[in-house]
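Overview (structure and organization)
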Amino acid sequence: MPKKVLIVDDAIFMRNMIKDIFSGSGFEVVGEAANGLEAVEKYKELRPDLTTMDIVMPFKSGIEATREIIKHDAKAVIVMCSALGQESLVMEAIEAGASDFIVKPFKSEDVLSVVRKVLGDA
Amino acid sequence: MSFDLAKYLSLFVAEAAEHLAAFSKGLVELEKAVRAGSGETQPIVDGLFRRAHSLKGMAASMQLEGISALAHKAEDLVDALRKGASGLDAEAVDVLLAAGDALHDMVAAASRGEHPDAPPVLLARLDETSRGRKDVRPDPSSDPAVAPAPPPHAVEAPSLGLAARRIQVEVEVAGSCPVPAVRGFLVVKKLSALGALVRSTPSVEDLKAGRIPGKRLELAIDTAETLQAVERALAQISDIASVSLRVAGGEQPPEKAPAAAAPAAGATDAPRTVRVRTEILDYFLDAVGELLLATARLREVGKTLPASHRPHLDEGVDRLHGIVKDLHDKVMTVRMTPLSVVTERLPRAARDVARKVGKQVDVAIEGAEIEIDRAILEELGDPLVHILRNAVDHGIETPQARLLAGKPSTGRVSVRARRDRDRVILEIADDGKGMDPARLRAAAVARGVLRPDAAAALGDREALQLACLPGVSTAESVTDVSGRGVGLDVVKKTVDTLGGTLEIDSVPGAGTRFTFRLPLTVAVQQVLLVRVGEEVLGLPIAKVHGAAQVELSRLDRSRGAPVLPVGAELVPVHDLSRLLGFPEPTSRGERAVVVAEGADGWIGLAVDALLGQQEAVLKPLGPPLEGLPGLSAVTVLGNGRPVFILDVPRLLAA
């Protein structure tokens with residue numbers, strides 16, 4: 001039973017790249033969101049097993065979206081995608097309830113390894 | 001409290017005491033830093049926060065809700081102060097100090113098996129002060145550092161049941177991780193969801209600042225979860241090179257380390273230590289003292305044996321003596337405690353007095369790491385505090401008076417300790433207005449303690465010692481802090497009992513210095529044995545200046561007593577036999593005169609013979625003998641003979 005993934009990033013190419021990483025590796029990408037507002041809506045609608053979340057996005061940041069999703073579902077597994085130099089934002093996201101993080105640029109095997117570990121499949 | 005928790009009670013009490021001591025100390029430092037405008041307040045406030053937070057968690061684990069609730073309120077106030085430096089004023093510090101004191105009392109109650117409630121008035125006061133100092137912020141998660149999993153209003157996230165215990169975790173972040181501090185932060189956050197975070201090295205603040213030396217993280221949590229549960233939680237975190245878990249004080253689970261990682265034996269406490277009740281140490285010391293005496297006795301008995309048996313016995317006794325002496329030294333080492341145990345109270349005491357009398361004081365402490373016998377240390381606490389309070393209350397002038405005198409408005413009291421062979425020298429000096437010998441002389445005469453001509457004959461330095469006489473006080477107003485004159489004489493008496501001396505130096509207008517000279521240990525001292533008539537008596541070597549063979553009739557006389565030149569002084573000579581009320585001495589001609597410390601200055605004691613110097617285990621006298629003036633202790637010689645140790649000043653006064 002493949003795990004359901006929601007990809008949140010305001011850049012289309014990033015969403016595509018991440019989609020490619022997850023496809024065919026035991027995961028199914030069930031939805032995408034381009035900002036924090038959509039992220040929360042899509043989460044409630046799709047109830048994915050895993051959400052990858054960009055940090056800086058228009059309308060609502062990834063940190064805010066994380067906070068709201070966690071409030072809605074305390075067991076939500078959210079992995080932040082950040083660039084180098086955003087460490088304090090990542091930590092803020094962790095405080096808001098993020099389960100883990102990956103740093104761009106990422107290698108596909110690293111992403112999968114992090115995700116599998118955080119889902120308890122390692 | 002259930003049986004299980006009772007097991008942890010003494011450890012809780014000891015650790016809580018440490019946290020509270022550090023909390024109190026931190027508050028005094030904080031106030032000082034704010035006054036000095038040094039701006040270095042953040043680390044101090046963070047430290048205060050950690051202490052209150054730890055205490056809150058520990059108390060919750062022990063189901064001491066009253067203590068936990070009060071610690072929580074204190075933590076809230078410190079948190080409010082963390083966010084806005086404008087809130088840091090004397091009032092906030094006062095409230096927090098009061099909270100610290102109340103917590104101290106509650107912990108003491110808990111150690112007696114009680115379940116104390118937090119005083120409601122204090123809780124309300126903390127609330128009010130916090131409210132007045134909080135910045136208005138929309139952010140609900142006001143404590144980022146150790147907030148457990150949401151909701152943010154929870155005091156402690158998991159309810160810590162009866163089986164809660166402390167688990168120490170060491171984690172090494174993988175070298176390939178580009179942001180190891182963030183990884184460390186994630187570890188802390190994950191583990192905080194499982195229990196109460198007690199401490200972490202590096203601290204959460206450091207991690208947030210990106211600091212994680214050596215990519216290593218050590219932390220301790222109080223949790224009811226199993227070790228396996230903690231391991232599982234850690235297994236879900238990526239980029240970890242190695243993990244090591246240990247129940248504090250308990251079993252060591254097999255190390256789960258794929259990569260080579262050297263775990264530290266004791267996570268945050270470096271040397272392995274044991275807590276021992278002081279009564280047990282006292283017992284050890286007594287027992288070892290008895291062993292020494294018994295060994296000396298054995299040696300004496302050996303002297304009565306025929307010569308052929310002696311060498312074997314002597315050899316055996318020598319070896320025995322060596323071992324016992326060794327043991328004694330070790331026990332003494334164990335009893336040695338750093339002076340800081342007593343000196344760390346001083347800044348706080350000074351601050352409290354200063355506030356009450358409207359003065360400003362800084363206390364500087366140097367050399368507090370020196371170790372001294374616990375028995376002496378215990379007696380020193382109150383005298384030191386008293387002298388400090390005196391210095392602040394009477395010595396240091398008001399800020400205005402100081403400025404007029406060309407001094408900085410903040411007075412300075414320095415406490416310096418150093419070792420000098422077998423003595424500890426402790427100096428408490430202030431830069432206040434000093435003591436006036438003339439006023440002391442007048443006060444002594446007015447009090448009827450000295451006749452006017454005797455007072456006039458005293459040198460200035462000797463006159464300062466008058467301050468140690470009961471009832472003499474030249475304070476203009478008697479504040480309730482000090483000044484009724486009951487203090488210094490008790491201090492002098494305590495110092496004497498400990499076998500030490502107290503000197504006072506002062507320069508009017510510039511300041512005063514009290515110098516304590518104390519032996520490092522109490523129980524075994526060197527004594528000089530003398531024979532007086534049929535009796536053998538002892539004098540503590542510490543109080544003996546020297547001895548001479550003298551033909552008494554050839555000495556000059558002054559005021560009826562023969563005087564012996566000693567250095568530049570003329571020392572009056574008394575017949576010890578007469579002082580003790582013994583029958584008149586029969587020997588004439590040359591007598592041995594011991595120059596010893598008298599009530600004020602040296603005196604000579606004429607005795608029949610000097611019997612040599614010896615190490616003696618001093619034992620206190622019980623009633624009724626302790627009532628006799630002039631006897632301070634007793635020891636037993638190798639031949640089984642009890643020998644009284646003299647307290648010369650008191651003997652002279654009798």
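Residues numbered from 1 in each chain as written. Chains lettered and ligands numbered in written order. Predicted model: local features only at pLDDT ≥ 70, side-chain atom pairs only at ≥ 80, totals over all residues. Heavy atoms only, no water.

Quick word on the overall build of chain B
Condition: In this text, helices come from DSSP runs of H or I with a minimum length of four residues, and strands from runs of E with a minimum of two, each type numbered from the N-terminal end. Throughout this description, buried means an accessible area under 20% of the type-specific maximum (1.4 Å probe, protein chains only), exposed means over 50%, and partly exposed covers the range between. The criterion used for residue contact is that any of the two residues' heavy atoms lie within 4.5 Å.
The helix and strand inventory of chain B stands at 20 helices and 22 strands. When the 654 residues of chain B are sorted by exposure, 47% land in the buried category. Excluding contacts between residues fewer than 6 apart, the proportion of contacts in chain B whose partners are at least 24 apart in sequence is 69%.

Things to note about helix H13 (residues 374–395) of chain B
This is how it is decided: How far a helix is expected to stretch is found by multiplying one less than its residue total by 1.5 Å. Take the seven residues that end at a residue and the seven that start at it, fit an axis to each, and the angle between those axes is the bend at that residue.
Given a rise of 1.5 Å per residue, 22 residues ought to cover 32 Å, and the 30 Å separating the end C-alpha atoms of H13 of chain B matches this to within 8%. Its maximal kink placed at Leu380 of chain B, H13 of chain B deviates by approximately 35°, while the proline Pro383 of chain B follows within four residues.

Quick look at the sheet that holds strand S3 (residues 216–223) of chain B
All names here are of chain B. Put simply, the rule reads: Think of it this way: DSSP has to see at least two bridges between two strands before they count as a pair. Simply put, an axis is a line fit to the C-alpha atoms, just over the touching stretch for a helix, and the angle between two N-to-C directions goes from 0 to 180 degrees.
Across the sheet, which stays open at both edges, the 4 strands sit in the order S2-S3-S1-S4 with antiparallel pairing between neighbours. In this open sheet, the two edge strands, each paired with only one partner strand, are strand S2 (196–201) and strand S4 (240–247). The average angle at which neighbouring strand axes cross in this sheet is 20°, direction not considered. Lying over the sheet, helix H6 (residues 180–192) contacts strand S1 (165–173), S2, S3 and S4, oriented at roughly 10° with respect to S3.

Examining the interface of chain B and chain A
Short version of the rule: The quantity reported as buried area is the accessible area (1.4 Å probe) lost by two parts once they are put together, taken as the sum for both. For salt bridges, the criterion is a side-chain nitrogen of Lys or Arg within 4 Å of an Asp or Glu carboxyl oxygen.
Taken together, the contact pairs 17 residues of chain B with 18 residues of chain A. Buried surface at the junction of chain B and chain A, summed over both partners, amounts to about 1600 Å²; 65% is from carbon and sulfur atoms. Connecting chain B to chain A are 2 salt bridges. For Glu95 of chain A, the salt bridge goes to Lys208 of chain B, with nearest N and O atoms at 3.0 Å.

Points about the pairing of strand S11 (residues 511–519) of chain B
All names here are of chain B. S11 sits mainly inside the fold: 7 of its 9 residues count as buried. Pairing between strand S9 (residues 423–430) and S11: 8 bridges, direction antiparallel. Bridge pairing in S11 links Val424 to Leu518. Bridge count for strand S10 (residues 501–507) against S11 is 7 bridges, and the pairing is antiparallel. Bridging across to S11, Val507 finds its partner in Gly511. Here S10 folds back onto S11 in antiparallel fashion, the turn holding 3 residues, of which Gly509 has a positive phi close to 90°.

Things to note about the pattern of salt bridges
Two side chains with opposite charge may pair up if their charged atoms get near one another. Residue and element names in this part refer to chain B. This model, assessed by the stated rule, comprises 43 salt bridges over all chains. Glu114 is the salt-bridge partner of Arg112, the closest N and O atoms lying 3.2 Å from each other. Through salt bridges with shared partners, one network takes in Glu31, Asp94, Asp101, Arg348, Arg351, Asp352 and Arg355.

Concerning the environment of Leu377 of chain B
Residues and elements named next belong to chain B. With respect to the element layout, Leu377 can be found in helix H13. What makes Leu377 buried here is its relative accessible area of 4%. Each C-alpha atom of the pair Leu377 and Thr337 lies 7.7 Å from the other, and the pair is 40 residues apart in sequence. Setting aside chain neighbours within four positions, we find Leu377 in contact with Thr337, Pro338, Leu339, Val341, Val342 and Ile372.

Here's the deal with the nonpolar core
Selection criterion: To form a nonpolar core, buried Ala, Val, Leu, Ile, Met, Phe, Trp, Tyr and Cys residues must be joined to one another through side-chain atoms within 4.5 Å.
Counting 54 residues, the largest nonpolar core has Met53 and Phe101 of chain A together with Val169, Leu191 and Leu234 of chain B as the members making the most contacts within it. For this core, the element with the highest residue contribution is H6 of chain B, accounting for 7 residues. With sequence-adjacent residues up to four places away left out, Leu234 of chain B is seen in contact with Val169, Val171, Val187, Leu191, Val243 and Leu245 of chain B. Judged by nonpolar contacts, the second largest core, of 47 residues, contains Ala349, Ile396, Val415 and Ile428 of chain B.

Here we look at the sheet that holds strand S1 (residues 3–8) of chain A
All names here are of chain A. Strand order across the open sheet formed by 5 strands is S2-S1-S3-S4-S5, with parallel pairing between neighbours. With one partner strand each, in any of the chains shown, strand S2 (27–33) and strand S5 (100–104) form the two edges of the open sheet. Shown here is a sheet whose adjacent strand axes are inclined to one another by a mean of 25°, direction ignored. Sitting on the sheet, helix H1 (residues 12–22) touches S1, S2, strand S3 (50–54), strand S4 (78–83) and S5, and the angle it makes with S2 is about 165°. Along the sheet face, helix H2 (residues 36–46) touches S1, S2 and S3 and points at about 140° away from the line of S2.

Observations concerning helix H15 (residues 437–446) of chain B
Residue and element names in this part refer to chain B. Quick reminder of the rule: Here, the arc refers to the directions that run from the helix axis to the C-beta atoms. Polar contacts, as counted here, are pairs of nitrogen or oxygen atoms within 3.5 Å of one another; within protein the pair requires one atom able to donate a hydrogen and one able to accept it, and residues that are adjacent in sequence qualify only if both atoms are side-chain atoms.
Pro437, Leu440, Arg441, Ala443 and Ala444 are the residues of H15 that are buried. Looking straight down H15, one finds that the buried residues subtend no more than 165° of arc, so they occupy a single side. The inward-facing, buried residues of H15 contact helix H16 (452–457) and helix H17 (460–464). Among the residues of H15, the N-terminal cap falls to Asp436, whose side-chain oxygen and the backbone nitrogen of Ala438 are separated by 3.0 Å. Looking one or two places after H15, you find Gly448, whose phi comes out positive at around 80°.

A closer look at a nonpolar patch on the surface
All names here are of chain B. Quick reminder of the rule: Like-charged residues within 9 Å of one another, or nonpolar side chains (Val, Leu, Ile, Met, Phe, Trp, Tyr) within 5 Å, are grouped into patches, provided each residue has over 30% relative accessible area and no salt bridge. Methods summary: accessible areas were calculated by the Shrake-Rupley approach with a probe of 1.4 Å, and residue burial reflects only the protein chains presented.
On the surface, a cluster of nonpolar side chains totalling about 510 Å² of accessible area is made up of Val274, Val276, Ile280, Tyr283 and Phe284. Structurally, the position occupied by Val274 is in the loop between S4 and helix H9 (278–303). By relative accessible area, which is 71% here, Val274 ends up exposed.

So, the packing of aromatic side chains
What describes a pair of aromatic rings is the distance from one ring centre to the other and the angle between the planes of the rings. We apply this condition: Aromatic contacts are taken between Phe, Tyr and Trp rings whose centres are within 6.5 Å, Trp giving its six-membered ring; a plane angle under 30 degrees counts as stacked, one over 60 as edge-to-face, and the others as tilted. Geometrically, a charge over a ring is one whose NZ (Lys) or CZ (Arg) sits within 6 Å of the ring centre while staying within 35 degrees of the ring normal.
Applying the stated criterion to the full structure yields 2 aromatic pairs over all chains. With 5.1 Å between their ring centres and 65° between their planes, Phe22 of chain A and Phe27 of chain A make a pair best called edge-to-face. The exposure class assigned to Phe22 of chain A is buried, which follows from its relative accessible area of 0%. Judged by relative accessible area, which is 8%, Phe27 of chain A ranks as buried. Directly above the ring of Phe49 of chain B sits Arg82 of chain B, whose terminal nitrogen or CZ lies 3.8 Å from the centroid. Of note, Arg183 of chain B hangs over the ring of Phe101 of chain A, and the distance from its end group to the ring centre comes to 4.2 Å.

Section: the environment of Ala606 of chain B
Residue and element names in this part refer to chain B. Examined against the element boundaries, Ala606 turns out to sit in strand S19 (residues 602–607). According to the relative accessible area criterion, Ala606 is buried, its value standing at 1%. The spatial distance from the C-alpha of Ala606 to the C-alpha of Val530 is 9.8 Å, given a sequence separation of 76 residues. If we skip the residues at most four places from it in the chain, Ala606 touches Leu552, Val573, His574, Asp575, Leu576, Ser577, Arg591, Ala592 and Val593.

Structural notes on the packing of H13 of chain B against helix H18 (residues 487–497) of chain B
Residue and element names in this part refer to chain B. Put simply, the rule is: Two helices crossing with the near one rotated counterclockwise from the far one by less than a right angle form a left-handed crossing, whereas a clockwise rotation gives a right-handed crossing. Residue classes follow a fixed rule: Ala, Val, Leu, Ile, Met, Phe, Trp, Tyr, Cys and Pro count as nonpolar, while Asp, Glu, Lys and Arg count as charged, and any other residue, Gly among them, counts as polar.
At a closest axis distance of 10 Å, the pairing of H13 and H18 adopts a crossing angle of 145°. Between H13 and H18 lies a crossing of left-handed hand. On the side of H13, the interface is formed by Glu379, Pro383, His386, Ile387 and Asn390, while H18 contributes Gly487, Leu488, Val491 and Thr494. Split into classes, the residues belonging to the contact of H13 with H18 amount to 4 nonpolar, 4 polar and 1 charged.

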